[in-house]
Amino acid sequence: MSAATVSLEQEKNPWLAAEARFDNAAKLLKLNEGMCKVLKAPSREITVNIPVMLDDGRLEIFTGYRVQHSIARGPGKGGIRYAPDVSLDEVRALASWMTWKCAVVNIPYGGAKGGVICDPSLLSDGELERITRRYTAAIAEFIGPEIDIPAPDVNTNDRVMAWIMDTYSMRVGHATTAVVTGKPMNLGGSLGRREATGRGCMIVTLEALKKLGRRPEDTRVVIQGFGNVGGMAGTLMAKLGFKIIGIIEYDGAVYNPNGINVDDLMSYRRENGNINGFAGAEAVDRNEAMFLECEVLIPAATENVITSQNAAKLRCRILCEGANGPTTAIADEILAEKKVFVIPDILANAGGVTVSYFEWVQDRQGYFWNEEDVNQKLQEIMVNSFAAVVAYGETHKVDNRTAAYMLALDRVVGAIKLRGIYA
Ligand code: GLU
């Protein structure tokens, strides 16, 4: 394969992109070959083909995955996504990013991820519930509060988590709330969990502004993805005075140089199903909106949106990666040349799993915190982790992403060495 083919392949396949970042950090840390092999290979990969009865009486087979990348620092932790294009390589990459993410914010988990190949927009509530329960039953012996703890991700939410909790609880014979996080409030959920990923993005963006000597009021923000992460980050940032000038969705984009009223846009979308036609902003080409001039760009949708093909066109000063893997490894070099201040995904979107950790702790204690406590503890972890990554980068003269990976790898390697390798 030519170098060009390799790089194109890598920009499409998140597992190759994850490997490239890993190799770079491992080389700088001078990790030995054996340790690299241990860290690279996912500990456990489960593929299940599950039969599910559709509403029309047809029996269909769905394929699901759960990958536990590392369990060196604690149980596996990570979301489950439902999408038509889920693949084992994607779930592998996402699982490894969870390992590094939990290590960056120093919470006692390894990394895992799950996915089911399906299109939720084509499924009824009943079908969605049956898929969820059957998938949970198929992976039940490999999950648990001490083993691997799922959570929401793309196209899954608190309702799906409640079904997982119930299915698992039926199997073990008692209510086990700590088997999943991101649950409804009256089922052992945590206050602040739904907002946590967006809140985390806001906190680290504020830290980046302080570092660069800027103020929220003079900061224009473009957000790609107006779901749980992007929508919440936009709402919270607008409250602090940031000007949210652009919002990009999969089927349209809106722009207002004076700032979009994010709450109004949310209500508009609730009523109309999408953001198109919103009167408080002008419609712009969704393929071009990412290149609007702004201080902060927040990709908060899916992988591989910033690539070697478009990175040069970005006009932001700070890139806050709300999504997992929005930037390909090759695009990193272009962003470095452009001196974009990157807040890498494994730091920027770690607020979600951090409050998942708080939820798990509360479930296990059977004692629940108020929202102020949750937000305060999240703030502390995000601010400290941001400072640790930036300081590591400055000390070792590497960019923020490399610093985050090196810090994370170092922590995981430390745990493995203390435990010893049972080989
Ligand atoms: N799916 C989220 C993530 O990618 C949250 C995972 C969790 O809370 O375990 O970080």
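These numbers were taken from a predicted model, which means no experiment stands behind them.

**Comments concerning the site of the ligand**
Next up, step 1: In the neighbourhood of the ligand, 14 residues make up the surrounding shell, with K77, K101, P152, D153 and S356 lying closest.
Next up, step 2: Here a nitrogen atom of the ligand and a side-chain polar atom of D153 are 2.7 Å apart.
Next up, step 3: Between N324 and the ligand, the recorded distance is 3.0 Å, taken from a side-chain N or O atom to an oxygen atom.
Next up, step 4: Within the complex, 94% of the 290 Å² of free accessible area of the ligand lies under protein.
Next up, step 5: Going through the elements one at a time, β3 (76-83), α4 (88-104), β5 (148-152) and α12 (351-365) are the ones with two or more residues in the shell around the ligand.
Next up, step 6: By residue class, the composition of the shell around the ligand is four nonpolar, five polar and five charged.

**A closer look at the sheet that holds strand β4 (residues 111-117)**
Next up, step 1: Reading across from one edge, β1-β2-β4-β3-β5 is the order of the five strands in this open sheet, with mixed pairing throughout. The open sheet has two free edges, formed respectively by β1 (44-53) and β5, since each of these has just one partner strand. Averaged over all pairs of adjacent strands, the angle between their axes in this sheet comes to 25°, without regard to strand direction.
Next up, step 2: Pairing of strand β2 (residues 59-70) with β4, which is carried by six bridges, proceeds in the antiparallel orientation. Across the sheet, residue Y65 finds its bridge partner in β4, namely G115.

**Quick look at the pattern of salt bridges**
Pairs may arise between side chains of opposite charge once their charged atoms sit close together.
Next up, step 1: Tallying each qualifying case throughout the model produces 32 salt bridges.
Next up, step 2: Between E60 and R58 there is a salt bridge; the shortest N-O distance is 3.7 Å.
Next up, step 3: Residue classification places E60 among the partly exposed residues on the basis of a relative accessible area of 30%.
Next up, step 4: Linking E129 and R133 is a salt bridge whose minimum nitrogen-to-oxygen distance equals 2.9 Å. Of the two residues, E129 and R133 are both situated in helix α5 (residues 125-139); the distance of four residues between them amounts to about one turn of the helix.

Quick notes on the rules
Residues numbered from 1 in each chain as written. Predicted model: local features only at pLDDT ≥ 70, side-chain atom pairs only at ≥ 80, totals over all residues. Heavy atoms only, no water. Near = heavy atom within 4 Å. Polar contact = N/O pair within 3.5 Å; in protein donor to acceptor, adjacent residues only side chain to side chain. Areas by Shrake-Rupley, 256 points an atom, 1.4 Å probe, with all protein chains shown as cover. Helix = DSSP H or I, 4+ residues; strand = E, 2+ residues; numbered from the N terminus. Nonpolar A, V, L, I, M, F, W, Y, C, P; charged D, E, K, R; others polar. Pairing = 2+ DSSP bridges. Axes fitted to C-alpha atoms, helices over the stretch in contact; angles between N-to-C directions. Salt bridge = Lys/Arg side-chain N within 4 Å of Asp/Glu carboxyl O. Buried < 20%, exposed > 50% of the residue type's maximum accessible area, 1.4 Å probe, protein only.

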